[in-house]
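Examination of the molecular architecture
Chain by chain, the residues run as shown.
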Amino acid sequence: MALPLPPGLTPPEIAFLCEMELVTVIPRQRLEGLELLGGRLPPLNPPHRTPLPLWLALLLKRQRRANILPPPWLAPHSLTAILDHETNKEEGFSPPPRLPPLAASSTALAFSPPFLASSTAEAAPDALPYHWLEIGEMLLEAASDDFEEPDSVRKLLRGLREVRMAKLRKGVELLYADGGIQLNGVGAMEVSEGRAFVTGVIDNLRKIGASREQQRKDRDREDRENGYPSTADYDDDEMEMQ
Amino acid sequence: MGSYYDVDAILTDAQKVPCTFELTVPGLGYIEGNMSGDVKQGSKVELPLWLGEMLALSQSLNTSSLVTLDPPSALAPRVLNALKADPKTVDLRALAPHFYNLGARILDLWDEEEMIEVLSDTFKARAAVIADQAHNPRGALGEGADFMRGLDENERQLFRAAHDSAKAVRAWMADIKKK
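Rules used throughout
- Residues numbered from 1 in each chain as written.
- Chains lettered and ligands numbered in written order.
- Predicted model: local features only at pLDDT ≥ 70, side-chain atom pairs only at ≥ 80, totals over all residues.
- Heavy atoms only, no water.
- UniProt positions renumbered as here; feature names shortened; annotations may be inferred.
- Helix = DSSP H or I, 4+ residues; strand = E, 2+ residues; numbered from the N terminus.
- Buried < 20%, exposed > 50% of the residue type's maximum accessible area, 1.4 Å probe, protein only.
- Contact = heavy atoms within 4.5 Å.
- Areas by Shrake-Rupley, 256 points an atom, 1.4 Å probe, with all protein chains shown as cover.
- Buried area = accessible area lost by both parts, 1.4 Å probe.
- Salt bridge = Lys/Arg side-chain N within 4 Å of Asp/Glu carboxyl O.
- Polar contact = N/O pair within 3.5 Å; in protein donor to acceptor, adjacent residues only side chain to side chain.
- Pairing = 2+ DSSP bridges.
- Axes fitted to C-alpha atoms, helices over the stretch in contact; angles between N-to-C directions.

Under the annotation held in an unreviewed UniProt entry, chain B carries the name DNA replication complex GINS protein PSF3 and is attributed to Amniculicola lignicola CBS 123094. In UniProt, chain B has this text filed under Subcellular location (unreviewed entry): "Nucleus". In UniProt, chain B has this text filed under Sequence similarities (unreviewed entry): "Belongs to the GINS3/PSF3 family."

Going by the annotation in an unreviewed UniProt entry, the name recorded for chain A is DNA replication complex GINS protein PSF2, with Amniculicola lignicola CBS 123094 given as the source organism. Under the UniProt heading Sequence similarities (unreviewed entry), the note attached to chain A is "Belongs to the GINS2/PSF2 family." Checking UniProt for chain A, the heading Subcellular location (unreviewed entry) contains the comment "Nucleus".

Once that is clear, we can look at the overall build of chain B. From N to C terminus, chain B includes eight helices and three strands. Listing the helices and strands of chain B from first to last along the sequence gives α-β-β-α-β-α-α-α-α-α-α. Burial analysis of chain B (179 residues in total) assigns 46% to the buried set. Taking the contacts inside chain B whose residues are at least 6 apart along the sequence as the reference set, 63% of them involve residues at least 24 apart. Element-wise, carbon and sulfur atoms account for 55% of the exposed surface of chain B, whose accessible area totals about 9600 Å².

This paragraph deals with the interface of chain A and chain B. Contact with chain A, which involves 32 residues of that partner, is made by 32 residues of chain B. In this assembly, chain A packs against chain B so that about 2900 Å² is buried in total across both faces, 66% of it on carbon and sulfur atoms. At the boundary of chain A with chain B, the tally comes to zero salt bridges. Remark: the boundary between chain A and chain B carries two residue pairs in polar contact (both at pLDDT 80 or more). Secondary-structure elements contributing two or more residues to the side of chain A that touches chain B are α1 (11–18), α4 (132–142), α5 (150–171), α6 (188–208) and α7 (210–225) of chain A.

Residues and elements named next belong to chain A. Overall, the coordinates contain 16 salt bridges over all chains when judged by the stated rule. Arg-40 is the salt-bridge partner of Glu-35, the closest N and O atoms lying 2.9 Å from each other. Take Arg-40: its relative accessible area is 54%, and that puts it in the exposed class. Note that Lys-61 is salt-bridged to Asp-145, the shortest N-O span being 3.3 Å. In this pair, Lys-61 sits in helix α2 (residues 54–62) while Asp-145 sits in the loop between α4 and α5, placing the two residues 84 residues apart along the sequence. Since its relative accessible area comes to 7%, Lys-61 is described here as buried. Residues participating in the shared-partner salt-bridge network are Glu-86, Arg-164, Lys-167 and Glu-190.

Turning our attention to the side chain of A:Glu190. Residues and elements named next belong to chain A. Locating Glu-190 in the fold gives a position in helix α6. Within the structure, Glu-190 has its side chain in polar contact with the backbone nitrogen of Gly-187 (distance 2.8 Å). Ignoring anything within four residues of it in the chain, the contact list for Glu-190 reads Trp-132, Arg-164, Met-165 and Leu-168.

Time to look at the sheet that holds strand β1 (residues 16–21) of chain B. All names here are of chain B. Across the sheet, three strands lie side by side as β2-β1-β3; this open sheet has antiparallel pairing. With one partner strand each, in any of the chains shown, β2 (44–48) and β3 (67–69) form the two edges of the open sheet. Neighbour-to-neighbour, the strand axes of this sheet turn through a mean angle of 40 degrees, independent of strand direction. With five bridges connecting them, β1 and β2 associate as antiparallel partners. From the neighbouring strand, Pro-18 faces β2, where its bridge partner is Glu-46. Running at roughly 115 degrees to β2, helix α2 (residues 49–57) makes contact with β1, β2 and β3 of the sheet.

Right, dumping it as structure tokens:
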């Protein structure tokens, strides 16, 4: 109540985080490499493709110093294939991009979305990355002339968004007070949009089932005191093995 | 459940439940509108949940409690059957403004496995419709108006939450177009 913002990130915050993703640009002007706090940026030599963070790519694009190469999953035929997958499969979302194999050395860090090159020209064409909606919208807005068919891409993105949000809402009907909802492959913006609703539903279901939950806890405690193995522990073990 | 200052919890506690007095209480006639008389044994009175609960659970007099609580009319078998038949057409707000909270409180007092099932299924089925209405800009005014009027307080909060997050994403999309 005291905080003006709901829990979780707001859409502008997610878009801000998304600007860290690398995209491929084709520079039109030379630029020396930049030493920034976030790391070193490669020098730009005109006809050579270079990966740059989205924020810098958008800035250069607006100043007409570079062209952005849209990631392969933003091509109309890949989007059509993903949309077909989404509409034909009733359950689950289209899978996220496969993670690259971990480096053998033990010091290597595990990869996670902002540090994966999931939106450069070399990204996988058949999977939507974590920030698909934000990158798609921002590129269409700032660099629509770099797309071959911006209008059909825009239409496909809109369609994908509708289908996936409908699935997220339908998933709620399968929820139980102590159950979960499968969110594999759901993007950051979709999580943000669905968060308030899904958590609200779970909170209320828990409130309704609170007496049953209390009963189960009491029973488990009695069982433990009597020396029987508690059923709750069994559940935990199963969860870990899955 | 809920904090001391939670207005919704206070309002839930203020909802009336039917109680039957098991004993004759002298001088308490004013709660059934009889200013100077006594409350007779066996008389039925509608008391707020907090008062009824306290009287029903207090067992100082020879282990027999002062009143017995009856399930409120909002959770009568007739209503539960209607919810089982079609959760979407029941006007929960007319039954009780805090329908689910009342149900949760009642379930604390009685063990009713079936009521938990019915209420959970009702909530889930209605939540799906609420989500659809929240994403449909004309839903709340047009064809969905009757349904929206029948939402209880928790469902209204859910609608608001879903509506606000959808609005925030739309606002962001409109925002990047301005730059």
